[in-house]
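Results of the structural survey
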Amino acid sequence: MSMPEIPERFNAAAAIVDAQVAGGRGTRPAIVCGSRTVTYRELCEGINRFGNALRGLGVRMEERVMVLLPDSPQCAFAFFGAMKIGAVAIPINTLLQPKDYEYLLNDSRARVLVVSLAHLPAVAEIRAGLRHLEHVVLVDGEAEGCLSWEKLLQEASPVLEPADTSKDDAAFWLYSSGTTGFPKGSIHLHHDMIAAADLYAKQILGLNESDVSFSVAKLFFAYGLGNGLYFPLRTGGTTVLLSGRPLPEKVFEVIDHCGVTVFYSVPTSYAALLHMAEKTGRTSLGKVRLCVSAGEPLPKPIYEQWRARFGIEI
């Protein structure tokens, strides 16, 4: 394996998304989510509009933008849009309690929160205690005290030059689960994303532009963020995002209907999928060529039963 040569002045959002449009892949599908398909050109435009909207709100380089959204195209727009202007995106767990969000928002000193309507009540409950938050952007509706995502993007330019960031600047944070004390923000740099995608996704998994990737782990996990977002986009492929819970029947439905070729999951989910397959007599994974596991040790019986039933190693 060889480490890619990364220039000193470098912006990961441009290297991952803009590069695909420049390389002639603008009309190719980048994200599939439910009935919606987002091409690379549409992804780039959404990122640019949100980045410009953030600048219009006064967000500066290195300031934090927290993203509390289900896996969706809007989540990708917000994540890369913040990164492209040199700000720091922070995807956070959508299953936490209001007091957890209060801690994370105050600890990160995020000035902007991008949130879905489903999570707005949790934010409203703690709003008075948020010392640094200035703007709440609501992606799927309108509410008092919130900015409209649709209006912000409609009014913003679809053209955005990437910030003059260093390869060693912070691109995003991910918070730990807090099992050994308060959650801690782990800092990921712009060049980290390229190293992971090029050394692991490309050279170990053989990910390429013909692959359709699907990750059971959500984007607010490090495992899910690589698998479900910047690995497939870096390689010019397609990612399938599932906004809801990855229940076995829904996972198999995505695999069947979206032509998934690379499937990422965790041992607990593999066991649940096996259980359902055994009940229904399922023995095929459609077009899946590769299954990947992480997050916890994979029990040998699960590995063996999966290979015996589907003919594919995890």
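The preceding data block contains the structure.
Structural notes, computed from the coordinates. The structure displayed is predicted, hence computed values, not measured ones.

Reading the values: the criteria
- Residues numbered from 1 in each chain as written.
- Predicted model: local features only at pLDDT ≥ 70, side-chain atom pairs only at ≥ 80, totals over all residues.
- Heavy atoms only, no water.
- Helix = DSSP H or I, 4+ residues; strand = E, 2+ residues; numbered from the N terminus.
- Rg over C-alpha atoms; globule rule 2.2 N^0.38 Å.
- Buried < 20%, exposed > 50% of the residue type's maximum accessible area, 1.4 Å probe, protein only.
- Areas by Shrake-Rupley, 256 points an atom, 1.4 Å probe, with all protein chains shown as cover.
- Lys, Arg positive; Asp, Glu negative; His and termini not counted.
- Charge placed at Lys NZ, Arg CZ, Asp CG, Glu CD.
- Pairing = 2+ DSSP bridges.
- Axes fitted to C-alpha atoms, helices over the stretch in contact; angles between N-to-C directions.
- Parallel < 35°, antiparallel > 145°, perpendicular 65-115°, else oblique.
- Left-handed = near helix turned anticlockwise from the far one by under 90°.
- Contact = heavy atoms within 4.5 Å.
- Nonpolar A, V, L, I, M, F, W, Y, C, P; charged D, E, K, R; others polar.
- Phe/Tyr/Trp six-rings, centres within 6.5 Å; stacked < 30°, edge-to-face > 60°.
- Bend = angle between axes of the 7 residues up to and from the residue.
- Right-handed = clockwise from strand over helix to strand, strands pointing away.
- Expected span 1.5 Å × (residues − 1).

This paragraph deals with the overall build of the protein chain. A count of helical and extended segments in the protein chain gives 11 helices and 13 strands. Against the 2.2 N^0.38 benchmark of 20 Å for 314 residues, the protein chain shows a C-alpha radius of gyration of 19 Å, consistent with a compact globule. The principal-axis extents of the C-alpha atoms in the protein chain amount to approximately 55 × 45 × 35 Å. Within the protein chain, the fraction of its 314 residues that count as buried is 54%. Summed over all atoms, the accessible surface of the protein chain reaches about 13800 Å², with 53% contributed by carbon and sulfur. Taken as two groups, the 30 positive and 33 negative side-chain charges of the protein chain have centres that lie 3 Å from each other.

Moving on to the sheet that holds strand 2 (residues 36-39). If you walk across this open sheet you meet the 6 strands as 2-1-11-10-12-13, and the pairing is mixed. Because the sheet does not close on itself, it has two edges, and the strands there are strand 2 and strand 13 (290-293). Between one strand axis and the next, the sheet turns by 20° as a mean value, whatever way the strands run. For strand 1 (residues 29-33) and strand 11 (residues 238-240), the ladder comprises 2 bridges, and the chain directions are parallel.

Take unusual backbone geometry next. The general pattern is negative phi for most residues beyond glycine and trans for most peptide bonds. Even without glycine at this site, Glu62 takes up a positive phi of about 75°. Secondary-structure assignment places Glu62 in the loop between helix 2 (40-56) and strand 3 (64-68). Classification of Glu62 as exposed rests on a relative accessible area of 52%. Backbone geometry places Arg109, a non-glycine residue, at a positive phi of 60°. Examined against the element boundaries, Arg109 turns out to sit in the loop between helix 4 (98-108) and strand 5 (112-115). By relative accessible area, which is 53% here, Arg109 ends up exposed.

On to the packing of helix 3 (residues 73-84) against helix 8 (residues 222-234). Interaxial distance between helix 3 and helix 8 falls to 12 Å at its minimum, and their mutual angle equals 70°. Taken together, the axes of helix 3 and helix 8 lie roughly perpendicular to each other. Considering how the two elements wind past one another, helix 3 and helix 8 form a crossing that is right-handed. Residues Ala76, Phe79 and Phe80 of helix 3 form the contact with helix 8, whose own contacting residues are Leu225, Leu229, Tyr230 and Leu233. Of the residues assigned to the contact of helix 3 with helix 8, the class counts are 7 nonpolar, no polar and no charged.

Here the focus is the packing of aromatic side chains. Applying the stated criterion to the full structure yields 13 aromatic pairs. Ring centres of Tyr103 and Phe182 lie 5.3 Å apart, and the angle between their planes is 20°; this geometry places the pair in the stacked category. Pair noted here: Tyr103 is in helix 4 and Phe182 is in the loop between strand 8 (170-175) and strand 9 (185-189), with a separation of 79 residues, a long-range link. Taking relative accessible area as the criterion, Phe182 reaches 62% and is therefore assigned exposed. These aromatic residues form a ring-pair network of at least three members: Phe79, Phe80, Phe172, Tyr200, Tyr230 and Phe231.

Turning next to helix 8. Of all the bends found along helix 8, the most pronounced is centred on Gly228 and spans about 25°, while Pro232, a proline, follows it within four residues. Counting buried positions over the 13 residues of helix 8 gives 12, a clear majority of the element. Looking only at helix 8, the buried set comprises Tyr223, Gly224, Leu225, Gly226, Asn227, Gly228, Leu229, Tyr230, Phe231, Pro232, Leu233 and Arg234.

Side chains Val112 and Val114 of strand 5 all project onto a buried face; the interleaved residues Leu113 and Val115 project onto the opposite face, where all are buried too. For strand 3 and strand 5, the ladder comprises 4 bridges, and the chain directions are parallel. Bridge pairing in strand 5 links Leu68 to Val115. In this structure, strand 5 lies alongside strand 6 (residues 135-138), joined through 4 bridges in parallel fashion. What sits directly across from Val114, in strand 6, is Val137. Assessed by its sense of winding, the connection that carries the chain from strand 5 through helix 5 (residues 120-126) to strand 6 is right-handed.

All right, on to helix 2 then. Spanning 17 residues, helix 2 covers 24 Å between terminal C-alpha atoms, matching the ideal 24 Å at 1.5 Å per step. Three or more residues of helix 2 are buried, namely Tyr40, Leu43, Cys44, Gly46, Ile47, Asn48, Arg49, Phe50, Gly51, Asn52, Ala53 and Leu54. Just past helix 2, the residue Gly58 takes up positive phi, approximately 90°.

Between helix 9 (residues 248-258) and helix 10 (residues 267-280), the shortest axis-to-axis distance is 9 Å and the interhelical angle comes to 85°. As far as their axial angle goes, helix 10 and helix 9 are roughly perpendicular. Facing helix 9, whose interface residues are Pro248, Glu249, Val251 and Phe252, helix 10 presents Ala272, Leu273, Met276 and Ala277. Among the residues forming the contact of helix 9 with helix 10, the class breakdown is 7 nonpolar, no polar and 1 charged.

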